[in-house]
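The chain contents come next:
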Amino acid sequence: MITRNLQSLPQKLTISKKEIVLEVELNGKMKFDHLLNVICNQMGMCYKVLNADVEYINGFDFGSFQLYLNTTTEEFQNLEYFLNKNKLLNTNVEYICRRYS
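1. Remarks on the overall build of the chain
At step 1: In terms of helices and strands, the chain carries two helices and four strands.
At step 2: Reading the chain from its N end, one meets helices and strands in the order β-α-β-β-α-β.
At step 3: Evaluated residue by residue, the chain yields a buried proportion of 27% over its 101 residues.
At step 4: Residue pairs in contact within the chain that sit at least 24 positions apart in sequence constitute 70% of those at least 6 positions apart.
At step 5: By element, 51% of the accessible surface of the chain is carried by carbon and sulfur atoms, the whole surface being about 8000 Å².

If you want it as structure tokens, here you go:
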């Protein structure tokens, strides 16, 4: 018979996620659909598009859009680094919603 000491089992790891609204301005350097593809497939982040005002002029994308993200701090820092590296202006707001039970 095998017995385990329950106190030695690891506790549930809680990864704190934040709800963030991210606004990105497109300046013609990256296509809107390519950027969303990178966020979803390469970075593994799920998002919801809240608002998008994108214009296509001569094959370049201009405008802005807002994404709702539920992400960890580390994942968001990676995304922010990617956006800054590609010279895409971005702002974010931590979204706090009051929930009633």
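2. Concerning the sheet that holds strand β1 (residues 17–27)
At step 1: With respect to topology, four strands assemble into an open sheet ordered β2-β3-β1-β4, the strand pairing being antiparallel. The sheet is open, and its two borders are formed by β2 (47–57) and β4 (90–94), each paired with just one other strand. On average, each strand axis in the sheet is inclined to that of its neighbour by 15°, with strand direction left out of account.
At step 2: Helix-sheet contacts for helix α1 (residues 32–42) involve β1, β2 and β3 (60–72), and the interaxial angle to β2 is about 150°.

3. Quick notes on the side chain of D61
At step 1: The topology assignment puts D61 in strand β3.
At step 2: Separated by 2.6 Å, the side chain of D61 and the backbone nitrogen of F32 make a polar contact.
At step 3: Setting aside chain neighbours within four positions, we find D61 in contact with L26, N27, G28, M30, K31, F32, V54, E55 and Y56.

4. Focus: the nonpolar core
Looking at soluble globular proteins, one finds that nonpolar side chains tend to be buried together.
At step 1: Core analysis: the biggest nonpolar cluster contains 19 residues, and L22, V24, L35, F65, L79, L83 and L88 have the highest contact counts within it.
At step 2: With five residues, the single largest contributor to this core is α1.

5. Points about unusual backbone geometry
At step 1: Located in the positive-phi region is N58, a residue other than glycine, with phi close to 50°.
At step 2: Tracing the sequence through the fold places N58 in the loop between β2 and β3.
At step 3: In this structure, K87 is a non-glycine residue whose phi angle is positive, near 55°.
At step 4: With respect to the helices and strands, the residue K87 is situated in the loop between α2 (73–85) and β4.
At step 5: Since its relative accessible area comes to 58%, K87 is described here as exposed.

Definitions and cut-offs
- Numbers given for residues are sequential positions, taken from 1 along each chain in its written order.
- Since the coordinates come from a predicted model, pLDDT governs what is reported: local features require at least 70, and pairs of side-chain atoms require 80 or more to be given and counted, while whole-chain, interface and lining totals use all residues.
- Hydrogens and waters are ignored; side-chain quantities use all the structure's heavy atoms.
- The numbering of helices and of strands both runs from the N terminus, where a helix is a DSSP run of H or I of at least 4 residues and a strand a run of E of at least 2.
- When a residue's accessible area, from a 1.4 Å probe over protein chains only, is under 20% of the maximum for its type it is buried; when over 50% it is exposed; and in between it is partly exposed.
- Whether two residues touch is decided by their heavy atoms; if any such pair falls within 4.5 Å, the residues are in contact.
- Only the protein chains shown count as cover for residues, and all accessible areas are computed by the Shrake-Rupley method using a 1.4 Å probe.
- Here, strands pair whenever DSSP counts at least two bridges between them.
- The axes used here are C-alpha line fits, helices contributing only the stretch in contact, and every angle between their N-to-C directions lies in the interval 0 to 180 degrees.
- We call two N or O atoms a polar contact when they sit within 3.5 Å, provided that within protein one can donate a hydrogen and the other can accept it, with sequence-adjacent residues counted only if both atoms are side-chain atoms.
- Joining through side-chain atoms within 4.5 Å is the link that ties buried Ala, Val, Leu, Ile, Met, Phe, Trp, Tyr and Cys residues into a set, and such a set is a nonpolar core.

Honestly, it's all geometry; don't read function into it.
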